[in-house]
Structures are given as structure tokens and as C-alpha cells.
Amino acid sequence: MAADWGVGAANSSLSQPAVFAPAARPAQDIETLAWFTIAVCTGIALIVGGLLAYSIIRFRARPGDDGREPPQVYGSNPIEFAWTVVPLLIVFVLILTTARTIYTVQAAPRPPNAVNVRVIGHQWWWEVRYPDLNIVTANEIHVPVSDPANPTPTFLDLESADVAHSFWVPQLAGKTDLIPNRKNTMWIAPHTAGTYLGQCAEFCGMEHALMLLRVIVQPRAQWEQWVAAQRKPAAHEPAAADGRHIFESTACVNCHTVRGSVANGRFGPDLTHIMSRDTLGAGAAMNTPDNLKTWIRDPSLIKPGALMPAMNLSDAELAGVASYLETLR
Ligand code: CUA
């Protein structure tokens, strides 16, 4: 039985990814170019199809035809000139408009007020770092709304820790690959607040299909609140001390970081503020207490092939670790 771990239900309140519903540049630039290309191609299809239909009907076989071939036209310079030059012009217009869009997207300068984010692809999750803000998170990228009159775009430096991945949030921008030993750059300037769903768009192994991501676009003030909360060290609630001790004495700490504790692994997502995230397992499940317990018990129940092992904790240990993680807001 395929459970949706709450993700399907939760997604119904989110707009589904759609390339024809852009909420940001450069997705808008790409949409404009796509509609122009579709219009040109539709025009060609209508003209060619119309002439074809006209000829088939107008010159169909009729009773009383004399059976001779119609006049054949060879070497007509005007006709050959027309059917060579017109397609050439169409192709040139499409090439030039496409090149112009590519240039405005790829050559856009990084303004000094840009938000800088480093995204590192892993099998099968996204490490998200804000180098100027000392924030480390995963799978959910918070960015401010960019006012078109006074843009504050977010620039993303894309890298990979293992294999090739591809960053794709259709409503915000086109795809850009994350390639080992290389840094690719892209940017987004979203004009509408909201949560936008994305997906790794390059086959990267067993759980490629569950390498989901979210970009949460917030009004500037709200985004700044998020930044302030993320910059804080991990919560240290005395009531969760037992669970914290279990967490810190298992292999969890080899892969996960909780800032301000002995946990400083880099192989898995930073858990300092895990409860501030909507989802678990890179969008595989909603971040509910039940799903969190299931995930800790055995991640493969939610995401078969996930590289996080089942820790074989006893029920008491599991409850302790889960209640500790639930304090990391
Ligand atoms: Cu990462 Cu597909």
C-alpha cells in the first residue's frame, strides 16, 4: 500500500508546479519566450495545414477528370526563393529571441543586496547554506519577495556532494544542474509570496523521485524573522535532556549537526531547527510527530533506499530521541 505520509493532503493547499504559472523571474522570461515560440509554431501549423486541406478538397478526384497530370512547375525562382527565405527568417527570429532571453537570464549581474544561498545536492536531499547569514538548513529554502521595482533577487550557487542532480522549481526558474566538482549559478526574483514545490530533475539514483524541495517566498519582514530564528543556537530544554543524551550517544551525531552540541556530522541534514521545516526526508513526509517517529525508527518505511540507516532503537529510546528532536524549533 502506498501511503502518502500527509504530503498529498498537504499539497492540495499548495499550487502544483506549473511552468505556465510563473511567480518569479526568470520563469516569467521563459514563459514569455515559450508563448512566442508556441504562437509562431501554431501559425506555421495553421498555414501549412490550411493550404494542405484546401488543396486536398479543391483538387480532389472528380468524375469526368481526364486522368492527365496537372501542369508541373520546375525551376521557378520566385517560389524557391520564397520557401527558402521565409523559413530562414522564422528560424532567425526564434534564435534571436531565444538568445536574448538566455542572455538576460544568464548574464544578470549579482546586485550587492542579493541574498546568497549555497545549495549542495546529496543523495537524496538538499543541503542549504546561507554563507552571509550563518544559516544551515535543508530541503526548504526561504527567500524574500523581490519587488520588481526594486529587485532583491536570491542567487543560488549549486554544487553536488556525490552525483549529478538538477534544481527545478517550475514556477520560479528553469532547471540548473548540480554537478560534482563544479559550481553552477542561478537566480530567482519571486514577486509573489507562497510555497513553491520543486523536484530534482536529473536521475540521481534510487530515491531521485523523492528528492523534493520547497521554496518558501516570504514578505521581507517575515523572512527576516525566519532568518533571526534560524541564526539562534539549538534549543536546550531540560525536559528533553534524556532524549538528547540518547541522540548524542548514538551514531546520529556522525551524520547530523545540532549547532551548539556534540553533533557535528555533515553527511545528513542539519537538525538545529528541524521543527521549523514542513517536511521530512526531502519532502517525502510531512513533519508530524508520528511521521518523525516512523522516520527515526526506519527511514526506508517512508523512503525506500534512503541512506539513513534504521538505528534499531528500543521504543523508549525512540520516544526519547523524537521528543528531543521536537524541541529543536
Ligand atoms: Cu537528485 Cu535526482
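Rules behind the numbers
- Numbers given to residues run from 1 along each chain, matching the order in which its sequence is written.
- Per-residue local features of the predicted model are confined to residues with pLDDT of at least 70, and side-chain atom pairs are confined, for both listing and counting, to 80 or more; whole-chain, interface and lining totals are unaffected and use all residues.
- The basis for the side-chain values is all heavy atoms of the structure; hydrogens and waters are excluded.
- For the purposes of this entry, the term helix denotes a DSSP run of H or I that reaches at least four residues, the term strand denotes a run of E that reaches at least two, and both are numbered from the N terminus.
- To sort residues, take the accessible area from a 1.4 Å probe on protein chains only and compare it with the maximum for the residue type: under 20% means buried, over 50% means exposed, and anything in between is partly exposed.
- Geometry is summarised by axes, namely lines fitted to C-alpha atoms with helices restricted to the contacting stretch, and by angles between N-to-C directions that run from 0 to 180 degrees.
- Roughly parallel means an angle under 35 degrees; roughly antiparallel means over 145; roughly perpendicular covers 65 to 115; every other angle is labelled oblique.
- Two helices that cross are described as forming a left-handed crossing if the nearer one is turned anticlockwise from the farther one by less than a right angle, and a right-handed crossing if clockwise.
- We call two residues in contact when some of their heavy atoms are within 4.5 Å.
- Three classes are used, and their members are as follows: Ala, Val, Leu, Ile, Met, Phe, Trp, Tyr, Cys and Pro are nonpolar, Asp, Glu, Lys and Arg are charged, and the others, Gly among them, are polar.
- Aromatic rings from Phe, Tyr and Trp, taking only the six-membered ring of Trp, are treated as a pair when their centres fall within 6.5 Å; an angle between ring planes under 30 degrees marks them as stacked, one over 60 as edge-to-face, and anything in between as tilted.
- We count a charge as sitting over a ring when the NZ of a lysine or the CZ of an arginine lies within 6 Å of the ring centre and within 35 degrees of the ring normal.

Enquirer: Would you mind going over unusual backbone geometry with me for this structure?
Expert: Trans peptide bonds make up the majority, and among non-glycine residues the majority have a negative phi. For the bond running from R25 to P26, omega is 0 degrees, close enough to zero to count as cis. Mapped onto the fold, P26 is located in the loop between β1 (24-25) and α2 (27-58). The amide bond that connects Q123 to the next residue, W124, takes the cis arrangement and shows omega of -5 degrees. Here W124 lies in the loop between β2 (115-122) and β3 (125-130). With a phi angle near 55 degrees, N134 is a residue other than glycine that sits in the positive phi range. Inspection of the secondary structure assignment puts N134 in the loop between β3 and β4 (135-138). On the basis of relative accessible area, N134 is assigned to the exposed category, the value being 59%. The phi angle at N139 is positive, at roughly 65 degrees, despite the residue not being glycine. With respect to the helices, strands and loops of the structure, N139 is situated in the loop between β4 and β5 (140-144). N139 sits in the buried class, given a relative accessible area of 8%.

Enquirer: Just to check I follow, could you spell out the packing of helix α7 (residues 289-297) against helix α8 (residues 315-325) for this structure?
Expert: Axes are the key here: two packed helices are described by the angle between their axes and the distance separating the axes. Closest axis-to-axis distance for the α7/α8 pair is 10 Å, and the angle between their directions is 125 degrees. Judged by the inter-axis angle, α7 sits oblique to α8. Along this stretch, α7 crosses α8, giving a crossing that reads as right-handed. In contact with L292, K293, I296 and R297 of α7, α8 contributes L318, A319, V321, A322 and L325. Class assignment of the residues belonging to the contact of α7 with α8 gives a composition of seven nonpolar, no polar and two charged.

Enquirer: I tried to follow the packing of aromatic side chains on my own but got confused; where do I start?
Expert: Within a pair of aromatic rings, the relevant descriptors are the distance that separates the centres and the angle that separates the planes. Going through the model one piece at a time under the given rule, you end up with six aromatic pairs. Consider the rings of F20 and W35, whose centres lie 4.8 Å apart with planes at 40 degrees: the pair is tilted. Of this pair, F20 sits in the loop between α1 (7-11) and β1 while W35 is found in helix α2, placing the two residues 15 residues apart along the sequence. With relative accessibility at 44%, the residue F20 sits in the partly exposed group. You can call W35 partly exposed: its relative accessible area is 45%. Positioned above the aromatic ring of W168 is the side chain of K175, whose terminal nitrogen or guanidinium carbon lies 4.6 Å from the ring centre.

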